[in-house]
Amino acid sequence: MGEVLLRRATGVLEELRHAVDELRSLSGASGGDLRIGGTPTMCAGLVPAIMNSVLGDHPQFRFEVAELDARKLTDELAARSVDIGIGAQHAAGDADGLVFEELFADRLFIVAAARHPLVSKRSIKLEDVARMQWVLPGADAPVTVQLRNEFRKRGLTLSETAVTTMSISVRYNLIGRNNFLTVVYGSALRLGNAPGFVRVLPIDLPVGISIGILRPRGRTLAPSAEVFVQAARRVARQVRSLRAKELQPQKSGRSATE
């Protein structure tokens, strides 16, 4: 009985929050309160970029941001602990209670430190990177699975991963001090704060993942959430159809093949 009461009470409190948000909007106030959930990669670039876009027009907005893995993000949305989520389509999984709106396909790019031997090469092939040491998410992570499948299609085998971690900051740190390679999504490279030593290798992989907005099914978005969604659609235009040469200027005369 307590669980039933808690579930219903949570819904009532959320409706009251939305009512206050809507009244504020009708009164012409430029503020709003929004609880956002984002996966680590999205929090490394896309989420703050959307927030900055909102704050540019609505400086009184207040945000509460939670960085969550895909499973936890869906749980928090279902529990109404966050109002809206930004993540990959697979984060929605089989959850019938969630709606996914695609914003763009986020492509993967291979990155290294400026000191890595491959960075100075005039031409780089996929065979060259296959033999290098890597720092990647876990073996079952969608990023790693996609990368290995792409290499397998080309008749190549990705070398053993030296370090596994989901943390982008840890991966950046490790490639900066070792001759490791890693992969980073284009949105994090274009919109995030990648260290100055990071170089994008001139190889365009046809590998990516659908990124979008996750929200509970059957619930009307509050005005503040609608403002955030509109900003997300605008920011997403900056990262559609990215190519390696757009993310890392190349020296004159350098060429690359896959």
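Here the structure is a predicted model, which is why all the values come from computation and not from measurement.

1. What to know about the overall build of the chain
When its secondary structure is counted, the chain shows eleven helices and nine strands. Across the 258 residues that make up the chain, the buried fraction comes to 45%. If you take every contact in the chain between residues at least 6 apart in sequence, the share linking residues at least 24 apart comes to 82%. Accessible area of the chain: about 13200 Å², with a carbon and sulfur share of 50%.

2. Some points on the pairing of strand β9 (residues 208-216)
In terms of residue burial, β9 counts as a mostly covered element, since seven of its nine residues are buried. With four bridges joining them, strand β3 (residues 84-88) and β9 adopt antiparallel strand pairing. Looking at the pairing, Gly87 lines up with Gly212 of β9. Taken together, the nine bridges between strand β4 (residues 98-113) and β9 define a ladder with antiparallel strand orientation. Directly across from Glu102, in β9, lies its bridge partner Gly212.

3. Quick look at the side chain of His116
Structurally, the position occupied by His116 is in the loop between β4 and α6 (126-130). Within the structure, the side chain of His116 is placed 3.5 Å from the backbone oxygen of Asn179, a separation counted as a polar contact. Beyond its immediate stretch of four places on either side in the chain, His116 contacts Met132, Asn179, Phe180 and Leu181.

4. Describing the packing of aromatic side chains
One pass over the structure, following the stated rule, counts three aromatic pairs. Taken together, a centroid distance of 5.7 Å and an interplanar angle of 40° make the contact between Phe61 and Phe63 tilted. With a relative accessible area of 21%, Phe63 lands in the partly exposed category. Counting every residue linked through ring pairs, the aromatic cluster contains Phe61, Phe63 and Phe228.

5. Looking at the packing of helix α3 (residues 46-57) against helix α10 (residues 223-236)
Where α3 contacts α10, the two axes come as close as 9 Å, and the packing angle between them is 115°. Between α3 and α10 lies a crossing whose hand is right-handed. Contacts between α3 and α10 involve Leu46, Ala49, Ile50, Met51, Ser53, Val54 and Asp57 on the former and, on the latter, Val227, Phe228, Ala231, Ala232, Arg234 and Val235. Among the residues making up the contact of α3 with α10, the classes are represented as ten nonpolar, one polar and two charged.

6. Quick notes on the pattern of salt bridges
In total, this model carries nine salt bridges according to the counting rule given. Among the salt bridges present, the one from Arg35 reaches Asp83, with a minimum N-O distance of 2.8 Å. Remark: Asp83 occurs in the loop between α4 (70-78) and β3 and Arg35 occurs in strand β1 (residues 32-38); sequence separation between them is 48 residues. Given the relative accessible area of 16%, Arg35 is considered buried. The salt bridge partner of Glu101 is Arg233, with a shortest N-O separation of 2.8 Å. You can see Glu101 sitting in strand β4 and its partner Arg233 sitting in helix α10, a full 132 residues away along the chain.

7. Details of the nonpolar core
Burial of nonpolar side chains together is a common tendency in soluble globular proteins. Core analysis: the biggest nonpolar cluster contains 67 residues, and Leu46, Val129, Trp134, Phe151, Leu189, Leu201 and Phe228 have the highest contact counts within it. Setting aside anything within four residues of it in sequence, one finds Leu201 in contact with Ile110, Ala112, Leu118, Val119, Ile124, Val129, Leu181 and Ala244. Counting six residues, the second-largest nonpolar core is a separate cluster that includes Leu68, Leu73, Val82 and Leu214.

8. Details of the confidence of the model for the chain
In regions of low pLDDT, the predicted coordinates are not meant to be interpreted in detail. Looking at the chain as a whole, its pLDDT mean stands at 85, while 83% of the residues score no less than 70. Across the chain, the element-wise mean pLDDT spans from 61 in helix α1 (residues 2-26) up to 95 in α3. Segment residues 249-258: pLDDT under 50, and 25 contacts once partners within four positions in sequence are set aside and those in other chains are kept.

9. What to know about helix α8 (residues 168-177)
Given 3.6 residues per helical turn, the α-helix brings residues three or four places apart onto the same face. Those residues of α8 that sit buried are Ile168, Arg171, Tyr172 and Ile175. Taken end-on, α8 shows its buried residues confined to a sector of 100°, consistent with a single buried face. The exposed residues of α8 that point more than 90 degrees off its buried face are Ser169 and Arg177. Buried residues along α8 sit against α2 (40-43), β4, β5 (133-136), β7 (180-185), α9 (186-191) and β8 (198-200).

Conventions used here
- Residues numbered from 1 in each chain as written.
- Predicted model: local features only at pLDDT ≥ 70, side-chain atom pairs only at ≥ 80, totals over all residues.
- Heavy atoms only, no water.
- Helix = DSSP H or I, 4+ residues; strand = E, 2+ residues; numbered from the N terminus.
- Buried < 20%, exposed > 50% of the residue type's maximum accessible area, 1.4 Å probe, protein only.
- Contact = heavy atoms within 4.5 Å.
- Areas by Shrake-Rupley, 256 points an atom, 1.4 Å probe, with all protein chains shown as cover.
- Pairing = 2+ DSSP bridges.
- Polar contact = N/O pair within 3.5 Å; in protein donor to acceptor, adjacent residues only side chain to side chain.
- Phe/Tyr/Trp six-rings, centres within 6.5 Å; stacked < 30°, edge-to-face > 60°.
- Axes fitted to C-alpha atoms, helices over the stretch in contact; angles between N-to-C directions.
- Left-handed = near helix turned anticlockwise from the far one by under 90°.
- Nonpolar A, V, L, I, M, F, W, Y, C, P; charged D, E, K, R; others polar.
- Salt bridge = Lys/Arg side-chain N within 4 Å of Asp/Glu carboxyl O.
- Core = buried A, V, L, I, M, F, W, Y, C linked by side-chain atoms within 4.5 Å.
- pLDDT = per-residue confidence, 0-100.
- Arc of directions from axis to C-beta.

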